[in-house]
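These are the residues of each chain, in order.
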Amino acid sequence: MKEMPLTVKRSIELLGIVLVGALLVIGKDIIMPVIMAFFISIVLLPVFRFLRKYKFPEIAAIILPILLVVIFVGAIVWFFSAQIGVLAADFPQIKSNVNAHLKSLSEWFSTISHVSTTEQMKFITEKSDDLLGMAGKAASGAAVTLSSIFVFVGLLPIYIYLMLFYKDILLRFIFMWFKPDHHPKVKEAIYETESIIKNYLVGLLIQVTYMTILLGGILLLVGIKHALLIGVIFAILNLIPYVGALIGNIIGVLLTLTSSTELWPVVTVLGVIAVVQFLDNNILMPKIVGSKVKINALFAILGVIIGGSIAGVSGMFLSMPIIAVLKVIFDRTDMFKQWGVLLGDERPAKSPMTFASFRKKKTVPAEPGVQK
């Protein structure tokens, strides 16, 4: 049979991407819990194997790791509910601090403009009323949002249990898609996918732990109020590449401003976050996760934005492991090898415009971050 023209091949690939994107948008409420359960089941697989090795019944070996996850998630929910209770108790003080900051800001703004304090307060009052109106509309849909969250969380343990129970059927299904000659490559890709997901997600769990201890502990020693809450929020948001750290900084500053009328705590929080993030990005995280996932910054950011637009927060968190799995698959298939190169961060040592060998699909010498 005659080989299809290049334009036809690329058109089919692009149509496939569009179709997958459309399916994710339409069926996100069904697909996202399944993907999340798949990743968690991969992390729990070593625990399952360990228990089976010591003759635990299969059902018990599946249920025990799931119970550990439930306890862990329950501990996080308890911590946030306790911290919200503390914030609610401090609400009168928070209101007083916010008014003091607004007054200082108003006085400063009056010195650089001709707008009077009365006009500023009128503007703030109008905008506050608008925000309250928006909050009321958002609250009307809160019940639907909460119900969808409970359904999401409720389905996860069921999906995880069934994936671990029927894992051999799922593996057989994957192998039946390929000819026996390709089974060694498929097996290698499965093992590497499992290793990348496991190392990446366990690494992120370790990252959340040490960032919470470092950031929260240092801020607590310095005397910053809500130090542990700032540490946990920043550590969790930092899991979202690039975007999360910015949001975490903003939330940390806002929490500090509401708990103090002075500016030095804000400078302290920003300084401690900068130091901890420098240690995380340049020393700790590269040794834990960095060597396992090689995704360039452009597609990491695009993945976060696309994942967020498709499935909200869960899509943003899952974007990096999904891209990493896709890269493993693309790197091992001749048809899609160019997509693996596009997602990776290995820049050719020489420009492909000047050396023909660098334009081929075969592996070429590369140095990350170097362009000659």
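Cut-offs applied
- Residues numbered from 1 in each chain as written.
- Predicted model: local features only at pLDDT ≥ 70, side-chain atom pairs only at ≥ 80, totals over all residues.
- Heavy atoms only, no water.
- Helix = DSSP H or I, 4+ residues; strand = E, 2+ residues; numbered from the N terminus.
- Buried < 20%, exposed > 50% of the residue type's maximum accessible area, 1.4 Å probe, protein only.
- Contact = heavy atoms within 4.5 Å.
- Areas by Shrake-Rupley, 256 points an atom, 1.4 Å probe, with all protein chains shown as cover.
- Expected span 1.5 Å × (residues − 1).
- Bend = angle between axes of the 7 residues up to and from the residue.
- Phe/Tyr/Trp six-rings, centres within 6.5 Å; stacked < 30°, edge-to-face > 60°.
- Axes fitted to C-alpha atoms, helices over the stretch in contact; angles between N-to-C directions.
- Parallel < 35°, antiparallel > 145°, perpendicular 65-115°, else oblique.
- Left-handed = near helix turned anticlockwise from the far one by under 90°.
- Nonpolar A, V, L, I, M, F, W, Y, C, P; charged D, E, K, R; others polar.
- pLDDT = per-residue confidence, 0-100.

Enquirer: Help me out: how do you make sense of the overall build of the chain in this one?
Expert: Broken down by element type, the chain carries 13 helices and zero strands. Its helices and strands in sequence order give the chain the pattern α-α-α-α-α-α-α-α-α-α-α-α-α, from N to C terminus. The buried share of the chain, taken over its 372 residues, is 30%. Once local pairs closer than 6 in sequence are excluded, the contacts in the chain between residues at least 24 apart make up 63%. For the chain, the accessible area works out to roughly 23,600 Å², and carbon and sulfur atoms hold 74% of it.

Enquirer: In this structure, what is going on with the side chain of Ser 319? I would like to understand it.
Expert: Here Ser 319 is to be found in helix H12 (residues 297-331). Looking at Ser 319, the relative accessible area reads 5%, which means it is buried.

Enquirer: Where do I start with helix H2 (residues 28-53) in this structure?
Expert: Helical geometry note: an α-helix holds 3.6 residues per turn, so side chains three or four residues apart project in the same direction. With 26 residues, H2 should reach 38 Å at 1.5 Å per residue; the first-to-last C-alpha distance of 37 Å fits that figure. At Leu 44, H2 is bent by approximately 40°, the largest bend along its length, and proline Pro 46 sits one to four residues beyond. In the segment just after H2, Lys 55 is the residue with positive phi, at about 65°.

Enquirer: What's the story with unusual backbone geometry in this structure? I'm lost.
Expert: Phi is positive for Lys 55, which is not a glycine, with a value near 65°. Looking at the element boundaries, Lys 55 is found in the loop between H2 and helix H3 (58-89). Residue class for Lys 55 comes out exposed when judged on its relative accessible area of 74%.

Enquirer: It is not clear to me how H12 should be interpreted in this structure. Could you clarify?
Expert: Relative to the 51 Å expected for 35 residues at 1.5 Å per residue, H12 spans just 18 Å between its end C-alpha atoms, considerably shorter than the ideal helical length. Approximately 150° is the largest bend angle found in H12, and it occurs at Ala 311.

Enquirer: Would you mind going over the packing of aromatic side chains with me for this structure?
Expert: Aromatic ring pairs are reported here in terms of the distance separating the ring centres and the angle at which the planes meet. In this structure the tally under the stated criterion is five aromatic pairs. Judged by centre distance (4.9 Å) and plane angle (85°), the ring pair of Phe 165 and Tyr 166 falls under edge-to-face. A relative accessible area of 32% places Phe 165 in the partly exposed class. Owing to a relative accessible area of 38%, Tyr 166 belongs among the partly exposed residues under this scheme. Aromatic side chains Phe 173 and Trp 177 sit 6.0 Å apart centroid to centroid with 80° between the ring planes, which places their arrangement in the edge-to-face category.

Enquirer: Would you mind going over the packing of H2 against H3 with me for this structure?
Expert: Packed helices, taken two at a time, are described by the angle between their axes plus the distance between the axes. At a closest axis distance of 9 Å, the pairing of H2 and H3 adopts a crossing angle of 130°. The angle between H2 and H3 falls in the class oblique. Crossing handedness for the pair H2 and H3: right-handed. Along the contact surface, H2 presents Ile 40, Leu 44, Val 47, Phe 48, Leu 51 and Arg 52, while H3 presents Glu 58, Ala 61, Ile 62, Leu 64, Pro 65, Ile 66 and Val 69. Taken together, the residues that form the contact of H2 with H3 break down as 11 nonpolar, no polar and two charged.

Enquirer: Where do I start with the confidence of the model for the chain in this structure?
Expert: Low pLDDT means the predicted coordinates in that region are not meant to be read closely. Summing up the model confidence of the chain, the mean pLDDT is 75 and the portion of residues at 70 or higher is 72%. Across the chain, the element-wise mean pLDDT spans from 56 in helix H5 (residues 117-140) up to 89 in helix H7 (residues 167-175). Considering only residues more than four positions removed or in separate chains, one finds that residues 138-145, a stretch of pLDDT under 50, has zero contacts. Between residues 368-372, whose pLDDT stays under 50, and residues either more than four places distant or in other chains, the model counts 11 contacts.

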